[in-house]
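Listed below are the residues making up each chain.
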Amino acid sequence: AGTEFGLYFTLDGGGHWVRLKGGMPTIAVRDLDVQRRENDLVVGSFGRGIFILDDYSPLRHVSEELLAQEAATFPTRETLWYVPRARLGLDGKAFQGDGFFAAPNPPFGVVLTYYLKDKYLSSREQRRKQERERAKRGEDNPYPSWDVLRAEDREEAPAVLVVVRDEQDRIVRRVPAKNAAGIQRVAWDLRYPSPEPVRLDEPRERAPWDAPPSGPLASPGEYTLALVKRIDGEETTIGTPQRALVLPWSLSTLPAPDREAAIAFHRETAALLRAVLGAQRAVGDARSWLRHAAKALDETPADVTALRAAVRDLDRRLDEMEVVLVGDRSVARRNEPTPASLVAMTRRAASAWETTSAPTKTHRRGFEIARERFDALAAKLRPILAAELPRLEEDLEKAGAPWTPGRIPQWTPPR
């Protein structure tokens with residue numbers, strides 16, 4: 001059909017023309033085959049290319065009434081609960097190179113297919129759309145006021161996400177989805193959120209052997225996936241929440257005798273890992289502030305001998321905590337072995353997430369040791385962060401030191 005590839009299907013005796021894009025080139029198609037068990041459509045092109053539409057069953061629910069709605073969701077398929085395996089050591093074709101062809105697999109987990117009649121536009125996008133329409137009509141476009149531009153700069157961009165809830169209606173995960181008109185898909189990977197600290201500067205590229213941050217597996221069972229739009233910070237459910245049934249795979253070599261106990265251990269290790277990594281970040285931020293404070297004291301027109309001693313004392317105590325958290329860098333830098341750090345021990349206990357088998361005694365013992373060490377470290381760290389650092393910030397302000405990160409500046413006229 002011109003420059004578009006289309007599939008013609010019949011619904012209730014009526015025909016619907018559906019455009020299937022996704023990289024399909026303009027080329028003759030000579031072969032079509034349907035994989036009926038999985039509802040997949042396989043297309044063979046005249047250029048000897050193969051294109052697969054995974055699970056076309058949502059098309060059975062398409063109607064003129066549905067397409068007129070703001071948004072719609074389609075039923076999900078039963079999903080098998082397992083840990084995907086990288087047969088070549090890494091995802092995809094790993095290090096096989098361009099001479100080895102491997103097509104990407106469908107996304108793992110519960111796949112929700114949804115429809116948006118229109119993209120949700122920000123205030124700036126709406127204004128520019130109106131300006132283009134006025135320009136087509138030959139009308140003038142007034143320059144927006146400063147209040148309008150300021151409001152656009154402060155606006156939170158519209159977003160679409162999927163909220164996953166368990167059988168007790170507890171939120172399990174919020175999965176970002178694509179804000180675009182048409183039929184889209186988004187996958188929940190059957191995991192809880194990652195316990196890693198939040199980063200605003202996500203790396204553009206990741207080493208192939210570094211897996212993206214992820215959390216422990218959720219239990220098999222029934223979940224609800226709701227499509228939500230977020231406009232100006234307010235979330236509203238759109239479409240119909242869909243039921244998702246997650247079933248355990250019966251082919252596990254060493255299934256956990258008590259799956260719920262294993263999942264509970266995974267969540268417990270995730271909670272400890274979140275606290276340990278948070279402590280690592282907190283110690284690093286505190287030491288960064290102390291470096292700023294030491295520099296500020298050099299520019300302070302007062303006797304700061306006592307303050308400098310306090311800064312040095314706090315920095316040494318935090319350095320000792322970093323040794324517990326991440327290991328002795330002074331020794332490691334000289335290529336000598338060091339004892340396992342708290343972060344390493346907790347991550348090793350959390351490696352039990354990557355299997356559906358029961359946690360080993362090594363996992364459990366490592367978790368117990370890591371928990372004891374963290375409790376001892378947290379007892380020393382809390383007073384520093386809650387009392388000693390804020391008191392030191394006040395002393396720097398009283399001494400007239402230049403501003404340091406996190407300190408509330410005050411102004412008093414000089415005497």
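Residues numbered from 1 in each chain as written. Predicted model: local features only at pLDDT ≥ 70, side-chain atom pairs only at ≥ 80, totals over all residues. Heavy atoms only, no water.

Caption draft 1: Focus on the sheet that holds strand E3 (residues 29-35). Sheet architecture is open: three strands sit in the order E3-E4-E5, paired in antiparallel fashion. Looking along the sheet, the strands with just one partner apiece sit at the ends: E3 and strand E5 (50-53). Taken over all neighbouring pairs, the strand axes of this sheet differ in orientation by 20° on average, direction set aside. Pairing of strand E4 (residues 40-45) with E5, which is carried by four bridges, proceeds in the antiparallel orientation. Each bridged residue has a counterpart across the sheet, and for Val43 the counterpart in E5 is Phe51. (Pairing = 2+ DSSP bridges. Helix = DSSP H or I, 4+ residues; strand = E, 2+ residues; numbered from the N terminus. Axes fitted to C-alpha atoms, helices over the stretch in contact; angles between N-to-C directions.)

Caption draft 2: Summary view of the pattern of salt bridges. In the structure shown here, the tally under the stated rule is 28 salt bridges. Across the pair Glu38 and Arg77 runs a salt bridge, and its minimum N-O distance is 3.2 Å. Of this pair, Glu38 sits in the loop between E3 and E4 while Arg77 sits in the loop between strand E6 (71-73) and strand E7 (79-81), placing them 39 residues apart in sequence. Look at Glu38 and you get partly exposed, because its relative accessible area is 27%. Across the pair Arg308 and Asp298 runs a salt bridge whose closest N-O atoms are separated by 2.8 Å. Note that Arg308 is positioned in helix H5 (residues 305-326) and Asp298 in helix H4 (residues 259-298), a separation of 10 residues in sequence. One salt-bridge network, in which partners are shared between bridges, spans Arg124, Arg127, Glu131, Glu152 and Asp153. (Salt bridge = Lys/Arg side-chain N within 4 Å of Asp/Glu carboxyl O. Buried < 20%, exposed > 50% of the residue type's maximum accessible area, 1.4 Å probe, protein only.)

Caption draft 3: Local environment of the packing of aromatic side chains. Applying the stated criterion across every chain, the model contains four aromatic pairs. Between Tyr82 and Phe108, the aromatic rings sit 5.0 Å apart at their centres with planes inclined by 75°, giving edge-to-face as the arrangement. Here the residue Tyr82 occupies a position in the loop between E7 and strand E8 (110-116), and Phe108 occupies one in the loop between E7 and E8, the gap between them amounting to 26 residues. You can call Phe108 partly exposed: its relative accessible area is 22%. Seen from their ring centres, Phe265 and Phe367 are 5.6 Å apart, and the 70° between their planes marks the pair as edge-to-face. Placement of Phe265 in helix H4 and of Phe367 in helix H8 (residues 361-399) is noted, with a sequence separation of 102 residues between them. Assessed through its relative accessible area of 3%, Phe265 is described here as buried. Its relative accessible area of 3% is what places Phe367 among the buried residues. (Phe/Tyr/Trp six-rings, centres within 6.5 Å; stacked < 30°, edge-to-face > 60°.)

Caption draft 4: Local environment of the sheet that holds E7. Spatially, five strands are ordered E7-E13-E12-E9-E10 in an open sheet, and the strand pairing comes out mixed. A single partner strand is all that each edge strand has here, and the edge strands are E7 and strand E10 (171-177). The mean inter-strand angle of the sheet, taken between neighbouring strand axes irrespective of direction, is 35°. Inspection of the sheet shows strand E12 (residues 221-231) paired to strand E13 (residues 234-248) by 10 bridges, in the antiparallel sense. Bridge pairing links Ile231 to Glu234 in E13.

Caption draft 5: Quick peek at a nonpolar patch on the surface. Judged by side-chain polarity, Leu80, Trp249 and Leu251 come together as a nonpolar surface patch covering roughly 310 Å² of accessible area. With respect to the helices, strands and loops of the structure, Leu251 is situated in the loop between E13 and H4. For Leu251, a relative accessible area of 62% gives the class exposed. (Patch = residues over 30% accessible without salt bridge, like charges linked within 9 Å, V, L, I, M, F, W, Y side chains within 5 Å. Areas by Shrake-Rupley, 256 points an atom, 1.4 Å probe, with all protein chains shown as cover.)

Nothing here speaks to function; it is geometry throughout.
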